[in-house]
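Listed here are the chains, written in short residue letters.
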Amino acid sequence: MSDASSNVLSPDIVHREMKQNGVTDVVWLPDSETNWLYLLMKADPDLRLVGVSREGHACSIAAGLSAGGRKPIILIQNTGMMESGDSIRGWLMGLDIPVVLMVGYRGYTRHGVNKDTAATYTERFINAFGLQYYLVESDADAPRISIAFKEADRTKRPVVILVADEFHGFNR
Amino acid sequence: MMHTAELLEFFKKHRGDAVVIPGRGGRHWVPISDKPSLDLPMGDPAMGGHAGFGLGVALAQPKRKVVLFDSEGDVLMSLGMLVTIAEQAPKNFYHFMLDNACYATTGGQPVPNAENVDYAAIARGAGYGRAHAFTEIEDFKRELPAILDKPGPVFVALRVYPEVQNEPIGKRRPWQTRTKQETIDDMRRELQIKA
């Protein structure tokens, strides 16, 4: 947990992390954690946004982009990640795709008393797939994003970043 | 109705240097193709994803034609993907769909509303600028060169005879000659793509 002065996750910092790690394409479906980030990404002429209507689609699109030499990131919510299970298995893990999934952690409460089953099952789901993941709550945690990119590249596997900052830094 | 192997054999003459993702036509395409380093026969990583994979490759390699042989079962599972493809509108993407009206790999059960779905109309409705449907091989042969000469994205529904597989999956003759990773690596080498 970070100190009070940086107790939010700034979309600018997330955007900077994407750029530093060479992201070329953002395959995404909007969620409550990423609205303000969307505005930054949209204004960036070097980023291609590929919008999907169901999160599982993002996996095969990212796999194709990666096979073709691009560096995609997947930006979805935990609910959609769970919907995407077979695509994560088949298109990302099955093809050894080194991709970061930045996943909005809907329902996250830090103290573990969840009122939203989306949060209840999120980490269990990731663990079931044996994926590495990092929790990012504030700007102080942002370096974990680069760690995730490096790990994905090194292991040739998807790595998850859980964005636990709903209704704060990613929104105005 | 058409035989998948016959239409793929004809397509081979017109592929040029396109990257070909044969989808569920892979077991026919692999022995036919004479440019395997430009083929991406991925088998069945997860149903419904071939179109997305094809879109990704097409977006990544915009100067190279990318030809996908999708299936109606995959398309039905991911109809929303057509909207994403139409929005991205890659000019180098040629989206063919083999429609055998059934789930052939699980015993031939019909797909929902199998005989009454107008896939070309769905593609047009999703935003594809061009969409075609063929049931006869002679019509397909006549139109294919023009379809490939014009920019994509284009959707082409092809009605084919079902070739139902009833034997258990573990007892089926494997048709893939390379791993998925090897096929991707071979294409990257051919196109000089850095991993």
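Going along each chain's sequence as written, the residues are numbered from 1 onward. Chain letters and ligand numbers both follow the written order, the letters beginning at A and the numbers at 1. With the structure being a predicted model, the display of local features is reserved for residues of pLDDT at least 70 and the display and counting of side-chain atom pairs for 80 or more, all residues being used for whole-chain, interface and lining totals. Heavy atoms from the whole structure form the basis of all side-chain values; hydrogens and water molecules are not counted.

### Describing the overall build of chain A
By the criteria applied, helices consist of DSSP H or I runs no shorter than four residues and strands consist of E runs no shorter than two, each listed in order from the N terminus. When helices and strands are tallied, chain A shows seven helices and six strands. Taken from the N to the C terminus, the helices and strands of chain A come in the order α-β-α-β-α-β-α-α-β-α-β-α-β. Each radius of gyration reported is based on C-alpha atoms, and the globular scaling rule is 2.2 Å times the count of residues to the power 0.38. For 172 residues, the compact-globule formula gives about 16 Å, and the C-alpha radius of gyration of chain A, at 15 Å, lands near that figure. The principal-axis extents of the C-alpha atoms in chain A amount to approximately 45 × 35 × 30 Å. Burial classes follow relative accessibility: with a 1.4 Å probe on protein chains only, a residue under 20% of its type's maximum area counts as buried, one over 50% as exposed, and anything between as partly exposed. Sorting the 172 residues of chain A into buried and exposed places 58% on the buried side. Reported accessibility uses the Shrake-Rupley method at a 1.4 Å probe radius. Residues are deemed covered only where the shown protein chains occlude them. When the accessible surface of chain A is totalled, it reaches about 7,000 Å², and 51% of it is carbon and sulfur. Charged side chains of chain A number 18 positive and 21 negative; the gap between the two group centres comes to 3 Å. By the counting rule applied here, Lys and Arg register as positive and Asp and Glu as negative, while His and the ends of each chain are not counted. Charge placement uses NZ in Lys and CZ in Arg. For Asp and Glu, CG and CD serve respectively.

### Focus on the nonpolar core
To qualify as a nonpolar core, a set must consist of buried Ala, Val, Leu, Ile, Met, Phe, Trp, Tyr and Cys residues joined through side-chain atoms within 4.5 Å. With 67 residues, the main nonpolar core has Ile74 and Leu101 of chain A together with Leu40, Phe53 and Phe155 of chain B as its most contacted residues. Excluding anything up to four places from it in sequence, Phe155 of chain B contacts Leu82, His95, Met97, Tyr119, Ala120, Ala123, Tyr128, Arg130, Ala131 and His132 of chain B. By size, the runner-up hydrophobic cluster in this structure holds 24 residues, among which are Phe10, Trp29, Leu98 and Leu158 of chain B. Whether two residues are in contact is decided by their heavy atoms: any pair within 4.5 Å suffices.

### Comments concerning empty space enclosed by the protein
Gaps left between atoms show up when a probe the size of a water molecule is rolled over them. All names here are of chain B. Grid spacing is 1 Å over the protein atoms alone, the probe is 1.4 Å, and a cavity is where that probe fits but cannot get out, while a pocket is an open set with protein on both sides within 12 Å along at least five of seven lines and lining residues have an atom within 4 Å of a point. Grid points are joined across faces, edges and corners, and a volume is the space filled by probe spheres set on the points. According to the stated counting rule, one finds one cavity of 30 Å³ or more in the structure shown. Empty space within the largest cavity amounts to approximately 40 Å³. Along its surface, the largest cavity is lined by Gly48, Ala51, Asp70, Asp74, Val75, Ser78, Met81, Leu82 and His95. Looking at the lining of the largest cavity, the elements that each hand over two or more residues are α4 (72–77) and α5 (79–88). Each residue gets one label: Ala, Val, Leu, Ile, Met, Phe, Trp, Tyr, Cys and Pro are nonpolar, Asp, Glu, Lys and Arg are charged, and the others, such as Gly, are polar. Among the residues making up the lining of the largest cavity, the classes are represented as four nonpolar, three polar and two charged.

### Side note on the interface of chain A and chain B
Counting residues at the interface gives 25 residues for chain A, matched by 27 residues for chain B. Computed with a 1.4 Å rolling probe, the buried area is the accessible surface lost when two parts are put together, summed over both parts. Summing the contributions of chain A and of chain B, the shared interface buries around 1,900 Å²; its carbon and sulfur component is 60%. Looking at the side of chain A facing chain B, the largest losses of area belong to Ala67, Trp91 and Leu95 of chain A, adding up to 30% of the total buried there. Whenever two N or O atoms come within 3.5 Å, that pair is a polar contact, provided that in protein one can donate a hydrogen and the other can accept it, and provided that, for residues adjacent in sequence, both atoms are side-chain atoms. Linking chain A with chain B are 15 residue pairs in polar contact (both at pLDDT 80 or more), by the criterion used here. For the side of chain A that touches chain B, the elements supplying multiple residues, two or more each, are β2 (48–51), α3 (55–67) and α5 (85–93) of chain A. Ranked by residues supplied to the side of chain A that touches chain B, first place goes to α3 of chain A with eight residues.

### Some points on helix α7 (residues 143–155) of chain A
Residues and elements named next belong to chain A. With 13 residues, α7 ought to run about 18 Å at 1.5 Å a step, and its terminal C-alpha atoms sit 19 Å apart, in line with that. Of the positions making up α7, those classed as buried are Ile145, Ser146, Ala148, Phe149, Glu151 and Ala152. Those residues of α7 that are buried are in contact with α1 (11–20), β3 (72–77), β4 (100–104), β5 (133–136) and β6 (159–163). Count one or two residues on from α7 and you reach Lys156, which has phi positive near 55°. To estimate the expected span of a helix, count its residues, drop one, and scale the result by 1.5 Å.

### Quick word on the packing of α1 of chain A against α7 of chain A
All names here are of chain A. What counts as an axis is a line fitted to C-alpha atoms, over the stretch in contact for a helix, and the angles between N-to-C directions run from 0 to 180 degrees. Packing of α1 against α7 brings their axes to within 9 Å, and their N-to-C directions diverge by 30°. With respect to each other, α1 and α7 are oriented roughly parallel. Our pair here, α1 against α7, has a crossing hand that is right-handed. Residues Val14, Glu17 and Gln20 of α1 form the contact with α7, whose own contacting residues are Pro143, Ile145 and Ser146. Considered class by class, the residues forming the contact of α1 with α7 number three nonpolar, two polar and one charged. Should an angle fall under 35 degrees it is called roughly parallel, over 145 degrees roughly antiparallel, and 65 to 115 degrees roughly perpendicular, with every other angle called oblique. Here is the rule for handedness: rotate from the far helix to the near one, and if that takes an anticlockwise turn smaller than a right angle the crossing is left-handed, while a clockwise turn gives right-handed.

### What to know about the side chain of Ser33 of chain B
Residue and element names in this part refer to chain B. Note that Ser33 resides in the loop between α2 (26–32) and α3 (50–60). A relative accessible area of 13% places Ser33 in the buried class. A polar contact is formed between the side chain of Ser33 and the backbone nitrogen of Lys35, at a distance of 3.1 Å. Of the polar contacts made by the side chain of Ser33, one reaches the side chain of Asp39; its length is 2.5 Å. Discounting residues that sit within four places of it in the chain, Ser33 has contacts with Lys12, Arg15 and Asp39.

### So, the environment of His3 of chain B
Residue placement: His3 of chain B occurs in the segment before α1 (4–12). Through-space distance from the C-alpha of His3 of chain B to that of Asp70 of chain B is 15 Å; in sequence the pair is 67 residues apart.

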